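Chain residues, written in single-letter form:
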Amino acid sequence: MKSDIPLPSHRGNRFYQGGVATLVANALQAVNFLGDRFLRKSHHSLSVIEDLYRHSMDSAFSVTEAFLVTGAPHASAYYPRDFAWFYPDILDPETIMDPQDAVRRVRLLEKSVRLLLEAVRAGVVTTTIVPAGRGRYLGVNYFSRPSDTLLGILAGLQQMISAEDRTAAHLAMSQCAHAGRLLLAEYGGDLKRAILQLASELEPFNDDGTRYLLCDVHAPRSAATDTRAERRRFVTNASVYTTFVWGVQLGLVDENELKRLLGRDLAQYKMDLLRLFGKDGHIRHSLEGPVSSPASSVALDFVSVHRGFWNMSDASERALFAATTDLIIAEPRFRIPSTFHFLVSADNPRNKMIHRIAAPAYQGRSCWPTFNVEFADRMLDYDEFTGGETYRACAQGILKDIRTATEVHGGYQELISEQGLKYRTWAYKGAVAHSWFPRFLSVWRRAYGTPLLRWIDESTR
């Protein structure tokens, strides 16, 4: 396989949104789920972690793929947020099997990010992009407008640009960084407009006489657990803050431009969010609805994204993180019994009819292994900044149990049920989340100090 990374221009791509596009997209997704329900084959019988990983990487980064997706029944649709939430480390050299694997990953990442940037240029900034054949794509929101779509696009672009900073022998890495810089130059103006538009959409929210800015005061905004359909959520607003910070870091927007729109600098904006959502001494999941018990008011998605909201540099921020983490660890309803698998929340969120058929506990009483990995990584961030070992053992326990589940279930699961089994509903038979696997290996290396798997001869590094 050649190591050069082509940069095709897909000027023929068209993007559509609106009522008709949503109707067609829903029909296509229904076909996808039904096809998965009746046609999905049983997974192979591999059980050794090394063999499972190789199979997963061959599937996730196949040269036949058009976009980086998981192995879920909805994987024929493209989710921009995933580049921030679920696979921010696909170019980690520790996770790359060989030079050919590196080339496949770089090519697929470049194709995926370019398509998302074309959507931004076309003004289609949605949670989901559904391919409709012959370079036609439908932008649709499930189930509300996004707060983290731009965040995911920036994460993919950022990962490309920083590829050459990693210690690796792969020529593909430097070529990926070059491709990322070209994309940044070509689409920078489009991204800037989208970021400033997001900033202009923030709404005032008054609490105890103090004026805050939120992205979801009057209507829900989508984030990684969007089917809760709640307003005034921490995770949606943390995603918006992180989008602004990454936009500044990439040179797409000047912080003073954001300050004029927000009426405050980014440091104050973040402090306001911590004060508002942390006024009870822990990070409350949502301000909507009555105040409930502390454990019922938090959710695992508070951990945000890799290099995202939490930087642990401030003592009060670390205290809020620790208090929220301790609530989750101490509450039995958050954990699959006898494991370190943490569920999204202690209680089920509201359900819509579609969830009763497809995924009734998708955002509540189920375990997302990838959220658990990020939980472990934030624990390690905390320990690193405090110079202690407060959470390392718990982080290691999380990763150890994910490894066990991967070997038991025959691959890295997208979801695990409340009982610790494969997540199954009538229309959702369970999925192997191939492209989320590398992030697990990256955090394992950090938690244990040694790689779980070794693919490349150390002498070539």
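For the structure itself, consult the block above.
Predicted model, so just to flag it, every value in this text is computed and none were measured. (Residues numbered from 1 in each chain as written. Predicted model: local features only at pLDDT ≥ 70, side-chain atom pairs only at ≥ 80, totals over all residues. Heavy atoms only, no water.)

Caption draft 1: Looking closely at the overall build of the chain. Summing up its helical and strand segments, the chain has 14 helices and five strands in all. A compact globule built from 461 residues should have a C-alpha radius of gyration of about 23 Å, and the chain, at 21 Å, falls within 12% of that. Principal-axis analysis of the C-alpha atoms places the extent of the chain at approximately 65 × 50 × 50 Å. A sequence separation of at least 24 residues applies to 72% of the contacts in the chain between residues at least 6 apart. Charged side chains in the chain number 54 positive and 51 negative. The centres of these two groups are separated by 5 Å. (Helix = DSSP H or I, 4+ residues; strand = E, 2+ residues; numbered from the N terminus. Rg over C-alpha atoms; globule rule 2.2 N^0.38 Å. Contact = heavy atoms within 4.5 Å. Lys, Arg positive; Asp, Glu negative; His and termini not counted. Charge placed at Lys NZ, Arg CZ, Asp CG, Glu CD.)

Caption draft 2: Representation of the pairing of strand β2 (residues 128–131) in the model. Summarising the sheet, β2 and strand β3 (residues 136–140) pair through four bridges and their orientation is antiparallel. Looking at β3, one finds that V130 is bridged to L138. Two successive antiparallel strands, β2 and β3, enclose a turn made up of four residues, where G133 displays a positive phi of approximately 90°. (Pairing = 2+ DSSP bridges.)

Caption draft 3: Region of interest: a nonpolar patch on the surface. A cluster of nonpolar side chains, L34, F38, L39 and W426, forms an exposed patch at the surface whose accessible area comes to about 470 Å². Note that F38 resides in helix α1 (residues 19–39). (Patch = residues over 30% accessible without salt bridge, like charges linked within 9 Å, V, L, I, M, F, W, Y side chains within 5 Å. Areas by Shrake-Rupley, 256 points an atom, 1.4 Å probe, with all protein chains shown as cover. Salt bridge = Lys/Arg side-chain N within 4 Å of Asp/Glu carboxyl O.)

Caption draft 4: Inspection of helix α9 (residues 266–277) at higher detail. For α9, with 12 residues, the first-to-last C-alpha span of 17 Å sits near the 16 Å given by 1.5 Å per residue. Buried residues of α9: L266, Y269, K270, D272, L273, L274, L276 and F277, and no others. On the buried face of α9, the contacting elements are β4 (203–207), β5 (210–214), α7 (234–249), α8 (255–262) and α10 (315–330). (Expected span 1.5 Å × (residues − 1). Buried < 20%, exposed > 50% of the residue type's maximum accessible area, 1.4 Å probe, protein only.)

Caption draft 5: How the structure looks around the pattern of salt bridges. Using the criterion set out here, one finds 33 salt bridges in the structure. Taking the shortest distance from any N to any O, the salt bridge between D89 and R439 comes out at 2.8 Å. Of the two residues, D89 is situated in the loop between α3 (82–85) and α4 (99–121) and R439 in helix α14 (residues 437–448); the sequence distance between them amounts to 350 residues. Classification of R439 by relative accessible area gives buried; the value is 3%. With a closest N to O distance of 3.4 Å, R221 and E201 form a salt bridge. Of this pair, R221 sits in the loop between β5 and α7 while E201 sits in the loop between α6 (171–200) and β4, and the two are 20 residues apart along the sequence. Given a relative accessible area of 23%, E201 falls into the partly exposed group.

Caption draft 6: Expanded view of the side chain of S345. Residue placement: S345 occurs in the loop between α10 and α11 (353–357). Using a relative accessible area of 4% as the deciding quantity, one classes S345 as buried. A polar atom in the side chain of S345 sits 2.5 Å from the backbone oxygen of D347. (Polar contact = N/O pair within 3.5 Å; in protein donor to acceptor, adjacent residues only side chain to side chain.)

Caption draft 7: Region of the structure containing the sheet that holds β2. Strand order in the open sheet formed by three strands is β1-β3-β2, and the pairing between neighbours is mixed. Of all the strands in the sheet, the pair left with one neighbour each is β1 (14–16) and β2. Going from strand to strand, the sheet's axes swing by 30° on average, the running direction of each strand aside. Where α1 meets the sheet, its contacts fall on β1, β2 and β3, and the angle it forms with β3 comes to roughly 100°. Each of β1, β2 and β3 is contacted by α4, which is oriented at about 60° to β1, the strand it contacts most. (Axes fitted to C-alpha atoms, helices over the stretch in contact; angles between N-to-C directions.)

Caption draft 8: Region of the structure containing the nonpolar core. F244 and F440 are the most contacted members of the largest nonpolar core, which totals 134 residues. The leading source of residues in this core is α6, at 12 residues. Those residues in contact with F244 that sit more than four places away from it in its chain are I195, L198, A199, L202, L258, L262, L266 and Y269. Counting eight residues, the second-largest nonpolar core is a separate cluster that includes A21, A77, V130 and Y142. (Core = buried A, V, L, I, M, F, W, Y, C linked by side-chain atoms within 4.5 Å.)

Caption draft 9: Molecular detail of unusual backbone geometry. Located in the positive-phi region is R134, a residue other than glycine, with phi close to 50°. For R134, the location among the structural elements is in the loop between β2 and β3. Positive phi, normally seen in glycine, also occurs at S304, with a value near 60°. Residue position: S304 is located in the loop between α9 and α10.

Caption draft 10: How the structure looks around the packing of aromatic side chains. Summed over all chains, the structure comprises 31 aromatic pairs. For the ring pair F309 and W310, a centre distance of 5.5 Å and an interplane angle of 80° mean the geometry is edge-to-face. Residue classification places F309 among the buried residues on the basis of a relative accessible area of 0%. Given a relative accessible area of 4%, W310 falls into the buried group. Each ring, one from W310 and one from F321, has its centre 5.6 Å from the other, and the planes form 65°; the classification is edge-to-face. Here F321 lies in helix α10 and W310 lies in the loop between α9 and α10, a separation of 11 residues in the sequence. Across the pair, F321 and W310 agree in class, each one buried. In this structure, K270 packs its charged tip against the face of F309, placed 5.0 Å from the ring centre. (Phe/Tyr/Trp six-rings, centres within 6.5 Å; stacked < 30°, edge-to-face > 60°. Lys NZ or Arg CZ within 6 Å of the ring centre and 35° of its normal.)

So, to be careful, I would describe these as geometric facts and stop short of saying anything about function.
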